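Each chain, letter by letter, is given below.
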Amino acid sequence: MKAITRAIRPEQLREITLALLIVVVVLFFSSQIQGYFSGRTFNRVTTSVAIIAVVAVGQTLVVLTRNIDLSVGSIVGFSAYFVGTQLANDNTISPFFAVALAIGLGAVMGAINGALVAYGRVPAIIVTLGTLAIYRTILVDMSGAKTVVVDALPQWLKDLPRTNLVQIGDLDIRLMFALAILVVVLFQLMLVYLRFGRRLYAIGSNPEAARNAGLPTQRIVFSAFVLCGALAGLAGFMFLARFGTITVVAGQGMELQSVAAVVVGGVNIFGGSGSMIGAFLGATLIDLLEQSLIRWLRVSEFWRDALLGLLILLAVASDAIILNRLRRAWAQDSLTADSQPAK
């Protein structure tokens, strides 16, 4: 047993539990919904989870530093609408420029958040709650009550959500899902192997100690917000590609979904621990539940938001009660093992 506790960290235990929970959810709904266990369900979930997974990766970077970004939903909506308007006006805009425009727009919005939090020393929840409303209001004012319609968009964008990289029977591995996986893997590697990633953990674990150790905490927190905004901008482009028709409420509520994905995925809301893989599994579980409950007619749509809130509460409670004890036991066991003389 001790060998197992030494080999598996508490965060890894959370990820294994989430993976098993996803399997249980699939088995349960497959027994309740006719035709649930099919390629169509897989394709629907993977297409949907790709967007929230990219937002969750950015949210994870911010949460690791003991902050939070509640404006990501408005950044997604603003980027989707702005880029959609440009493409509707000029169908000759290249795909590369459209993606870069969305990412750049999101990065600028994230930089505003980061500057106010890191250098202005205003609490992140206050700043991003304010910019959530400001970005959305600018979008409403800019739109003039007009909607981006799918018919006005270029053909390459309409074809993007159905573009397959690999097909295995009825299962399609689509380009947008592959892009989300690539983002998760790249940022997970960044957390593990790059100095910037390790500094995010250090700041989240003990900001005062990180500052005394000479780490550029303000610059790192600012960079985390910029990256979070840039990824929300990329998610905005993916949102535009998936839905085509964009109104001023696009992306609304995504801030709650991203926070839920991060917390359920085992990222400590008080900073210092967590992983991109956990956030991805959290996003997958939440999206799987939402997609399944839509088809499960026994549950009212109003209870779906309540279920999301319940998942957040359970995740935070399990962090405070179970995982903290496991972390202490794991640390104690490691100290005991290290103090024993080598044979």
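Note: the structure precedes this text.
Residues numbered from 1 in each chain as written. Predicted model: local features only at pLDDT ≥ 70, side-chain atom pairs only at ≥ 80, totals over all residues. Heavy atoms only, no water.

A. Structural detail: the overall build of the protein chain. The number of helices and strands found in the protein chain is 14 helices and two strands. Every one of the 343 residues in the protein chain was classed for burial, and the buried ones make up 49%. Restricting the contact set of the protein chain to residue pairs at least 6 apart, pairs at least 24 apart contribute 78%. Surface accessibility of the protein chain: about 16,700 Å² in total, with carbon and sulfur atoms responsible for 67%. (Helix = DSSP H or I, 4+ residues; strand = E, 2+ residues; numbered from the N terminus. Buried < 20%, exposed > 50% of the residue type's maximum accessible area, 1.4 Å probe, protein only. Contact = heavy atoms within 4.5 Å. Areas by Shrake-Rupley, 256 points an atom, 1.4 Å probe, with all protein chains shown as cover.)

B. Inspection of the packing of aromatic side chains at higher detail. Across all of its chains, the model carries seven aromatic pairs by this definition. Ring plane angle 40 degrees and centroid distance 6.4 Å describe the contact between Phe 177 and Phe 280, whose orientation is recorded as tilted. Remark: Phe 280 occurs in helix α13 (residues 276-295) and Phe 177 occurs in helix α8 (residues 175-193); sequence separation between them is 103 residues. Ring centres of Phe 239 and Phe 243 lie 4.6 Å apart, and the angle between their planes is 45 degrees; this geometry places the pair in the tilted category. Taken as a pair, Phe 239 and Phe 243 lie in helix α11 (residues 217-243) at a separation of four residues, close to a single helical turn. Among the residues examined, Phe 243 registers a relative accessible area of 40% and is labelled partly exposed. (Phe/Tyr/Trp six-rings, centres within 6.5 Å; stacked < 30°, edge-to-face > 60°.)

C. Just the packing of helix α4 (residues 72-89) against helix α5 (residues 95-119), in detail. Taken N-terminus to C-terminus, the directions of α4 and α5 make an angle of 145 degrees; their axes are 9 Å apart at the nearest point. Here α4 runs over α5; the crossing is right-handed. Every residue of α5 that contacts α4 at Ile 75, Phe 78, Ser 79, Phe 82, Val 83, Gln 86 and Leu 87 is listed here: Ala 98, Leu 101, Ala 102, Leu 105, Gly 106, Met 109, Gly 110 and Asn 113. The residue inventory of the contact of α4 with α5, partitioned by class, reads 10 nonpolar, five polar and no charged. (Axes fitted to C-alpha atoms, helices over the stretch in contact; angles between N-to-C directions. Left-handed = near helix turned anticlockwise from the far one by under 90°. Nonpolar A, V, L, I, M, F, W, Y, C, P; charged D, E, K, R; others polar.)

D. Just a nonpolar patch on the surface, in detail. Taken together, Leu 165, Val 166, Ile 168, Leu 171 and Leu 175 make up a surface patch of nonpolar side chains, about 410 Å² in accessible area. The element contributing the most residues to the nonpolar patch is strand β1 (residues 164-168), with three residues. Under the relative-accessibility criterion, Val 166 is labelled partly exposed at 42%. (Patch = residues over 30% accessible without salt bridge, like charges linked within 9 Å, V, L, I, M, F, W, Y side chains within 5 Å. Salt bridge = Lys/Arg side-chain N within 4 Å of Asp/Glu carboxyl O.)

E. Just α13, in detail. When the terminal C-alpha atoms of α13 are compared, their 29 Å separation across 20 residues agrees well with the 28 Å that a helix rising 1.5 Å per residue should span. With 17 of 20 residues buried, α13 is to be regarded as a mostly interior element. The backbone nitrogen of Gly 278 lies 3.1 Å from a side-chain oxygen of the residue at the head of α13, namely Ser 275. (Expected span 1.5 Å × (residues − 1). Polar contact = N/O pair within 3.5 Å; in protein donor to acceptor, adjacent residues only side chain to side chain.)

F. The arrangement of the packing of α4 against α11 in detail. Interhelical geometry of α4 versus α11 gives an angle of 50 degrees and a closest axis separation of 7 Å. By the angle between their axes, α4 is oblique relative to α11. Here α4 and α11 pass one another in a crossing that is right-handed. Residue-level inspection shows Val 72, Ile 75, Val 76, Ser 79, Ala 80, Val 83, Gly 84 and Leu 87 of α4 in contact with α11, the latter providing Cys 228, Gly 229, Ala 232, Gly 233, Ala 235, Gly 236, Phe 237, Phe 239 and Leu 240. For the contact of α4 with α11, the class distribution of residues is 12 nonpolar, five polar and no charged. (Parallel < 35°, antiparallel > 145°, perpendicular 65-115°, else oblique.)

G. Up close: the side chain of Asp 287. Along the polypeptide, Asp 287 turns up in helix α13. It turns out Asp 287 is buried and unbridged, and the closest side chain with the opposite charge, Arg 242, is 6.4 Å from it. Among all residues touching Asp 287, those that are not within four sequence positions of it are Val 45, Ser 48 and Val 49. (Lys, Arg positive; Asp, Glu negative; His and termini not counted.)

H. Representation of the environment of Ile 51. Here Ile 51 lies in helix α3 (residues 39-63). Setting aside anything within four residues of it in sequence, one finds Ile 51 in contact with Met 176, Ala 235, Met 238, Phe 239, Arg 242, Phe 243 and Met 254.

I. The pairing of strand β2 (residues 171-174), seen in detail. Of the two faces of β2, the one holding Asp 172 and Arg 174 is buried and the one holding Leu 171 and Ile 173 is not buried anywhere. Pairing analysis gives four bridges linking β1 to β2, with the strands arranged antiparallel. The partner of Ile 168 across the bridge, within β2, is Leu 171. In this antiparallel pair of consecutive strands, β1 and β2, the connection spans two residues, and Gly 169 shows a positive phi of 65 degrees. (Pairing = 2+ DSSP bridges.)

J. Highlighting the pattern of salt bridges. Counted under the stated rule, the structure contains three salt bridges. A salt bridge links Arg 162 to Asp 159; the shortest N-O distance between them is 3.5 Å. Taking relative accessible area as the criterion, Arg 162 reaches 55% and is therefore assigned exposed. Salt-bridge contacts for Glu 208 lead to Arg 211; the nearest nitrogen and oxygen are separated by 2.9 Å. Placement of both Glu 208 and Arg 211 in helix α10 (residues 207-212) is noted, with a separation of three residues, approximately one turn of the helix. With relative accessibility at 45%, the residue Glu 208 sits in the partly exposed group. Judged by its relative accessible area of 39%, Arg 211 falls in the partly exposed class.

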